[in-house]
Amino acid sequence: MSLLQFSLKNRPNMFFICKGADNPGIVNKVTKILVKHRLNIDEMKTFEETAPHGGTTLFHMSGVATATAPLTHSFDSSVIKEELQELGDEMNCEIDLEDMEDDQYSASFYAS
């Protein structure tokens, strides 16, 4: 895979989201995976809410992760996504990483 598109900042951006059961250390574990793959966290927000049925606490985290250009030849976003999904399975939550396109950011890790 090669990177063909870059953001306005000349760096690819990804949107990450985590939602599900609240677990101690969840922010640390998610961000550790992103940092391990040389993604910077440019924006992040978190909040908790009570589940409508059962009263358990649900955790929500979302943000923007930016890769520093140029990317290494070994960079593979599918590996990052797989690691995040495995972590989500272990922690009973859904974690996803997606290409981001909006007025401020427009990027893809995939060649078209």
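Along each chain, residue indices are assigned from 1 in the same order as the chain's sequence is written. Local features in this predicted model are restricted to residues of pLDDT 70 or higher, and side-chain atom pairs are both shown and tallied only at a pLDDT of 80 or more, whereas totals for entire chains, interfaces and linings draw on every residue. As a convention, hydrogens and water are excluded, and side-chain values are obtained from all of the structure's heavy atoms.

Colleague: Can you break down the overall build of the protein chain residue by residue, with the values?
Modeller: Looking only at helices and strands, the protein chain features 2 helices and 4 strands. Counting from the N terminus, the helices are DSSP H or I runs at least four residues long and the strands are E runs at least two residues long. Mapped in sequence order, the helices and strands of the protein chain form the string β-α-β-β-α-β. Here's how the labels work: a residue is buried when its accessible area is under 20% of the maximum for its type, exposed when over 50%, partly exposed in between, all with a 1.4 Å probe on protein chains only. Counting the 112 residues in the protein chain, one finds 38% classified as buried. Contacts spanning at least 24 positions in sequence make up 75% of the contacts within the protein chain whose residues lie at least 6 apart. Here, two residues are considered to be in contact whenever any of their heavy atoms come within 4.5 Å of each other.

Colleague: Which residues make up the pattern of salt bridges, and what values do they have?
Modeller: Charged atoms that come close allow side chains of opposite charge to pair. Salt bridges are identified by distance alone: a Lys or Arg side-chain nitrogen within 4 Å of an Asp or Glu carboxyl oxygen. Under the definition given, this model contains 1 salt bridge. For E83, the salt bridge identified is with K36, shortest N-O distance 3.0 Å. Taken together, the positions of E83 in helix 2 (residues 77-91) and K36 in helix 1 (residues 26-36) put the pair 47 residues apart, joining distant regions of the chain. Judged by relative accessible area, K36 falls into the exposed class, the value being 55%.

Colleague: How would you summarise the sheet that holds strand 3 (residues 57-67) if you had to cite specific residues and measurements?
Modeller: Here, any two strands with at least 2 DSSP bridges between them count as paired. One open sheet holds the 4 strands; their spatial order is 2-3-1-4, and the pairing between them is antiparallel. Edge strands, defined here as strands with exactly one partner in the open sheet, are strand 2 (39-50) and strand 4 (93-99). Here the average twist between neighbouring strands, direction ignored, is 10°. The pairing of strand 1 (residues 13-21) with strand 3 spans 9 bridges and is classified as antiparallel. Bridging from a neighbouring strand, F16 pairs with G63 of strand 3. Most of the contacts of helix 1 go to strand 2, to which it runs at about 160°, and overall it touches strand 1, strand 2, strand 3 and strand 4. Lying on the sheet, helix 2 is in contact with strand 1, strand 2 and strand 4; it crosses strand 4 at an angle near 165°. Between N-to-C directions, angles cover 0 to 180 degrees, with each direction set by a line fitted to C-alpha atoms, over the stretch in contact for helices.

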